[in-house]
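# Fold and geometry: a report
Residue-level listing of the chains:
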Amino acid sequence: MTNLLSRLGVTPASPEEAGAWRTAWNASYVQARRAAAAAAVQQAATNITAAVKRLREGGLIAPSTSVQDLVHCVSGHLQPRLFPDTPLVSLALQYFRRRNAVPTYLELLHACQRHLPIELVVNVDSPHEARLWANVSAATGGAVVPVLSYNVHELRSYNRMTGMARGKYVVLLQDDDKLTPEDCSWLPQLVAQFESMPGLAMVGMNSFQLSHGEGNNREFNYWRDPKTGNKMMFAFQVDLAPIAFRRSALRAVGGFDEGMSDPGECGIWSDWELTIRMWVAGWQAAFMPLVGKSRATPNETSGTHKPETGVRCWGRQQNVASACYMGRWGAGFGASGPGKFLEKLENYVRQTNLRLLQGSYPPDACPFRKGCGLEGDPPLPDKYNYSYAALPVAMVLA
């Protein structure tokens, strides 16, 4: 480091030397990095010494064990999240031919960078705009990471970006939305919630469901996490977008099911299916009212509501995806009811809310259609209970 500082003011004597020491750094930048590195080393040494002391006092290592003895053990597995400049959060944007929205997402990136280490991974579904995104990446020092695709649309886009992302947490975004508050003050709250709940894998910030039927009160203002104070509610299902994930959990369950959507088609019902899969895998999903949405490009129609795509998405694609969802998790009879499995899952989510969150609802107004008892699985009230009595016997026995 001292050698580098001394060379910053010296003209290299040869082309080889000039190439070796070519840099845009100046002395103040190098000195700041040196000071930060020295502070980090000192803090790490303090932490390591304290950890070794605890291990000795607990009888977990021999009194004669030195710090250097332990280096050989702990160096066998590195922690990539501790590398310098590694983002904590990856914003992941599905983009298709909305040049007017690009400034909106650069503003979001810069606002979020004031709070936390951030990157913006962009699936560019219109690769003829590669020059635009290459220039944006260069202008942001690589904080914007373009992934050049060709009309793969939602599900494949989300999986590709998750594979590219480096952050511990991923927030999926769509290019026709503008998020508020625009100062990104919502992001530290989101991260704090993930950090306080190791089992939390998925947080929706758009809308959510507590069942496949009526009768549950979706008033999230009744509920708070007593540890963070954040308003939240564990959810049976959450909707895209924006939606945030613990990246390790998303990859552990296999990501979005690409079999529910053809390339180029919308990913309707896939968010609901993924939420169920998270619960089944032992993770938790929740809703947090952290952001509001408006149009990023007010004069443009949403991609899934254009005449050439609306019927394909909300008609044909929805029929295909919902049949897949119900066949996997529902009654197996199409959309005739949620089935006993999803009813049991609804009860589990209800109990999770009651056990882990602080509820401020009136004592005589339980918000759940199965009541507020912590034990058991009460039957649904008759007015919410689906009956299969009218179904053919062959379907019931199938």
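Read on for a plain summary of the structure. (Residues numbered from 1 in each chain as written. Predicted model: local features only at pLDDT ≥ 70, side-chain atom pairs only at ≥ 80, totals over all residues. Heavy atoms only, no water.)

### As for the overall build of the protein chain
We apply this condition: Helix and strand assignments come from DSSP, with helices taken as H or I runs of at least 4 residues and strands as E runs of at least 2, each series counted from the N terminus. We call a residue buried when its accessible area falls under 20% of the maximum for its residue type, exposed when it is over 50%, and partly exposed in between, using a 1.4 Å probe and counting protein chains only. The contact definition used throughout considers only heavy atoms, calling two residues in contact when any of these lie within 4.5 Å. Accessible areas in this description were obtained via Shrake-Rupley with a 1.4 Å probe; residue shielding takes into account the shown protein chains only.
Per the secondary structure count, the protein chain includes 13 helices and 14 strands. Classification of the 398 residues of the protein chain by burial places 42% in the buried group. Expressed as a percentage of contacts within the protein chain between residues at least 6 apart in sequence, the contacts between residues at least 24 apart total 76%. About 20,700 Å² of surface is accessible on the protein chain, with carbon and sulfur atoms providing 56% of the total.

### Notes on the environment of Arg247
Tracing the chain through its elements places Arg247 in helix H9 (residues 247-252). The sequence separation of Arg247 and Met202 amounts to 45 residues, and the corresponding C-alpha distance is 9.2 Å. Setting aside anything within four residues of it in sequence, one finds Arg247 in contact with Thr162, Ala165, Arg166, Gly167, Lys168, Tyr169 and Val170.

### Remarks on helix H12 (residues 339-356)
For the record, the criterion: Helix span, expected: 1.5 Å multiplied by one less than the number of residues in the helix.
With 18 residues, H12 should cover 26 Å at 1.5 Å per step; its first-to-last C-alpha distance of 26 Å lies within 8% of that length. Residues of H12 that are buried: Gly339, Leu342, Glu343, Leu345, Glu346, Asn347, Val349, Arg350, Gln351, Thr352, Asn353 and Leu354.

### So, the pairing of strand S4 (residues 169-174)
Filter applied, for reference: Paired strands are those between which DSSP finds at least two bridges.
In terms of residue burial, S4 counts as a mostly covered element, since six of its six residues are buried. Neither face of S4 is open: one carries Tyr169, Val171 and Leu173, the other Val170, Leu172 and Gln174, and all of them are buried. Looking at chain direction, strand S1 (residues 89-95) and S4 are connected through six bridges and run parallel. Paired with Leu91 across the two strands is Val171, which belongs to S4.

### Considering the pairing of S1
The following threshold applies: Clockwise travel from the first strand over the helix to the second, with the strands pointing away from the viewer, marks a crossover as right-handed.
The buried fraction of S1 is high, at seven of seven residues. Pairing between S1 and strand S2 (residues 118-124): seven bridges, direction parallel. Its bridge partner lying in S2, Leu93 is registered against Val122. Since S1 and S2 lie parallel, the crossover through helix H5 (residues 102-113) that links them has a hand, and here it is right-handed.

### Regarding the state of the cysteines
Here is the rule we go by: For this text, the term disulfide refers to a pair of cysteine sulfurs within 2.5 Å.
Enumeration according to the criterion identifies three disulfides in this entry. Covalent S-S linkage joins Cys112 and Cys184, the inter-sulfur distance amounting to 2.0 Å. Looking along the S-S bond of the Cys112-Cys184 disulfide, the torsion reads about 85°, which is the right-handed sense. Of this pair, Cys112 sits in helix H5 while Cys184 sits in the loop between strand S5 (177-180) and helix H8 (186-196), placing them 72 residues apart in sequence. On the basis of relative accessibility, which here comes to 0%, the residue Cys112 falls in the buried class. In this structure Cys184 comes out as buried when scored by relative accessible area, which is 0%. Across a sulfur-sulfur distance of 2.0 Å, Cys366 and Cys372 are joined as a disulfide pair. Judged by the sign of its S-S torsion, about 95°, the bond between Cys366 and Cys372 is right-handed.

### Things to note about the nonpolar core
What counts is decided by this rule: For the purposes of this section, nonpolar cores are sets of buried Ala, Val, Leu, Ile, Met, Phe, Trp, Tyr and Cys residues that join through side-chain atoms within 4.5 Å. Segment limits for the domains were obtained from an automatic or database-derived domain assignment.
Counting residues in hydrophobic clusters, the biggest one holds 90 residues, and the most contacted among them are Val171, Trp186, Leu187, Leu190 and Tyr325. Take this core: its biggest share by element is seven residues, from H5. Shared between two domains, this core takes at least three residues from each, and those domains are domain 2 (89-302) and domain 3 (310-395). With sequence-adjacent residues up to four places away left out, Trp186 is seen in contact with Leu108, Val171, Leu179, Pro181, Met205, Leu290 and Val291.

### Comments concerning the pattern of salt bridges
Opposite charge on two side chains allows them to pair when their charged atoms are near. Stated precisely, the cut-off is as follows: Basic side-chain nitrogens of Lys or Arg form a salt bridge, by our definition, when they fall within 4 Å of a carboxyl oxygen of Asp or Glu.
As enumerated under the stated definition, the model contains 15 salt bridges in all. In this structure, the salt-bridge partner of Arg328 is Glu273, at a minimum N-O distance of 2.7 Å. In this pair, Arg328 is assigned in helix H11 (residues 307-329) and Glu273 in helix H10 (residues 270-280), connecting sequence segments 55 residues apart. Of the residues examined, Arg328 reaches a relative accessible area of 41% and is grouped as partly exposed. The exposure class assigned to Glu273 is buried, which follows from its relative accessible area of 0%. A salt bridge links Asp377 to Lys370; its shortest N-O distance comes to 2.5 Å. Under the relative-accessibility criterion, Asp377 is labelled partly exposed at 32%. Assessed through its relative accessible area of 5%, Lys370 is described here as buried. Here the residues in one salt-bridge network are Asp257, Glu273, Arg277 and Arg328, joined through shared partners.

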